[in-house]
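# Observations on chain architecture
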Amino acid sequence: ELSQAVVDAGTVPLLVLCIQEPEIALKRIAASTLSDISKHSPELAQTVVDAGAIAHLAQMILNPDAKLKRQVLSALSQIAKHSVDLAELVVEAEIFPVVLTCLKDSDEYVKKNGATLIREIAKHTPELSQLIVNAGGVAAVIDCIDSSKGTVRLPGIMVLGYVAAHSENLSMAVIVSKGIPPLCTCLLEEHEDHIKAAAAWALGHIGRHTPAHARPVAVANVLPILLDLYMDMNSSEDLQMKASIFAKNALKNILQKCTHLPALEPLLHDAPPNIMKHVVGQFSKVLPHDSKARRLFVTTGGLKKIQEIKAEPGSILQEYINTINNCYPEEIVR
């Protein structure tokens, strides 16, 4: 209601005039104010758009002043986040590929706000995500994650998750651009739970479409890391819980599509029952149809491990175990 009062007083057109003034300090504070007005609701963002702000903001993305760029990118993000229509208006101001240069900026906040703007566009529709991919945005975001540390990585991580979530093809675009390794790095390196949670969430979206998507995630040795994150319940704090839940969901999503058995085998030794069910389930799908995998499963000790699992009689886990045992002669199972 405070922002609405400011808008009702007729300030927005005047602020749009201020961002066109030559004085940098005035440009900065006007862009910052437009950002603060836009963030609350689609209606308030629309008043800023109707005053013609987008075109002027978009022209300043390449301004050499870092503090001004921060505010400009923030304002465009706050407009784009509300709806597909508003995001499309921001994109139509030809911010691509210009905005990708911000991801290489020496100023951490410019990088972060640039990635945030791309995230707010990517989340809406497959079409907008495709546009980002076509502009080379995914590769640029991956470089940005690689060259950053801490919370600067967060919006970039989320860009990859949103893009991959939309469709099989978009997820494959993230895989082909080598998006999995930096996400693994974030899982291993970052200390903040919310960054780990975001990386787990993104990997879950990349791997959940088909076996062809799950395999590169599994081969990158992500599954044991996700399992550790899920099991790491040494704190009941909210963020730790959230990270654990994201890790569990990502694990389940990837496991249900993963047919690359060597990546699943380590989980037979460590997974808790609710995850074990999904791991054993995948073995029960693949082993009946793959003689080479069946032989390997015996020699690596996988079959022996299956016999040690305590499953409730009649449970789905017990059914999976029976299916696996039925692939082998009785004396081998014994």
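Here the structure is a predicted model, which is why all the values come from computation and not from measurement.

### Focus: the state of the cysteines
Linking two cysteines covalently via their sulfur atoms produces the bond known as a disulfide. Inspection of every chain in the model, using the stated rule, returns zero disulfides. We note that Cys-102 lacks a disulfide partner, and the nearest cysteine sulfur, in Cys-144, lies 10 Å from it. Judged by its relative accessible area of 1%, Cys-102 is buried. Distance from the sulfur of Cys-184, which forms no disulfide, to the nearest cysteine sulfur (Cys-186) is 9.1 Å.

### Topic: the domain arrangement of the protein
Much of the literature gives interface size as the accessible area that the parts lose upon coming together. Each domain of the protein was delimited in the assignment, giving domain 1 (1-83), domain 2 (94-233 + 241-258) and domain 3 (268-333). For domain 1 and domain 2, the distance between their C-alpha centres works out to 29 Å. Taken together, the contact pairs 14 residues of domain 1 with 17 residues of domain 2. Note on domain 1 versus domain 2: buried area summed over both sides is about 1,200 Å², and carbon and sulfur give 72% of it. A per-residue breakdown of the area domain 1 buries against domain 2 is headed by Ile-61, Arg-70 and Leu-73, which together make up 40% of the total. Linking domain 1 with domain 2 are two salt bridges. Between Arg-70 and Asp-107 there is a salt bridge, and its shortest N-O distance comes to 2.8 Å.

### Remarks on the packing of helix H13 (residues 180-189) against helix H16 (residues 222-231)
Geometry of a packed helix pair, given as the angle between the helix axes and the separation of the axes. Between H13 and H16, the least distance of the axes is 11 Å, while the angle of their chain directions is 30 degrees. By the angle class used here, H13 and H16 are roughly parallel. For H13 against H16, the interelement crossing comes out left-handed. Contacts from Ile-180, Cys-184, Leu-187 and Leu-188 of H13 reach H16 at Val-222, Ile-225, Leu-226 and Leu-229. Taken together, the residues of the contact of H13 with H16 break down into eight nonpolar, no polar and no charged.

### A look at the environment of Ala-164
Of note, Ala-164 is situated in helix H11 (residues 154-166). By relative accessible area, Ala-164 is classed as buried at 0%. For Ala-164 and Gly-204, which are 40 residues apart along the polypeptide, the C-alpha to C-alpha distance reads 9.2 Å. Discounting chain neighbours no more than four positions away, the residues touching Ala-164 are Leu-170, Ser-171, Val-174, His-205, Ile-206 and His-209.

Procedures and definitions
- Within any chain, residue numbers begin from 1 and follow the written order of that chain's sequence.
- Totals for whole chains, interfaces and linings use every residue, but because this is a predicted model, local features are given only for residues with pLDDT of at least 70 and side-chain atom pairs only at 80 or more, for both listing and counting.
- Side-chain numbers come from the whole structure's heavy atoms, not from hydrogens or water.
- The definition used for a disulfide is geometric: two cysteine sulfur atoms within 2.5 Å.
- Note on exposure labels: buried denotes an accessible area under 20% of the residue type's maximum, exposed denotes more than 50%, and partly exposed covers the range between, all computed with a 1.4 Å probe on protein chains only.
- Note: domain ranges come from an automatic or database domain assignment.
- In this analysis, two residues are considered to be in contact whenever any of their non-hydrogen atoms come within 4.5 Å of each other.
- By definition, the buried area sums, over both parts, the 1.4 Å-probe accessible area that each loses when the two are put together.
- For salt bridges, the criterion is a side-chain nitrogen of Lys or Arg within 4 Å of an Asp or Glu carboxyl oxygen.
- Axis definition: a line fit to C-alpha positions, over the contact stretch in the case of helices; interaxial angles, taken between N-to-C directions, run 0 to 180 degrees.
- Each helix is a run of H or I in the DSSP string that is no shorter than four residues. Each strand is a run of E no shorter than two, and both are numbered from the N terminus.
- Oblique is the label for any angle not covered by the other classes, which are roughly parallel (under 35 degrees), roughly antiparallel (over 145) and roughly perpendicular (65 to 115).
- Here is the rule for handedness: rotate from the far helix to the near one, and if that takes an anticlockwise turn smaller than a right angle the crossing is left-handed, while a clockwise turn gives right-handed.
- When residues are grouped by polarity, Ala, Val, Leu, Ile, Met, Phe, Trp, Tyr, Cys and Pro land in nonpolar, Asp, Glu, Lys and Arg in charged, and all others, Gly among them, in polar.

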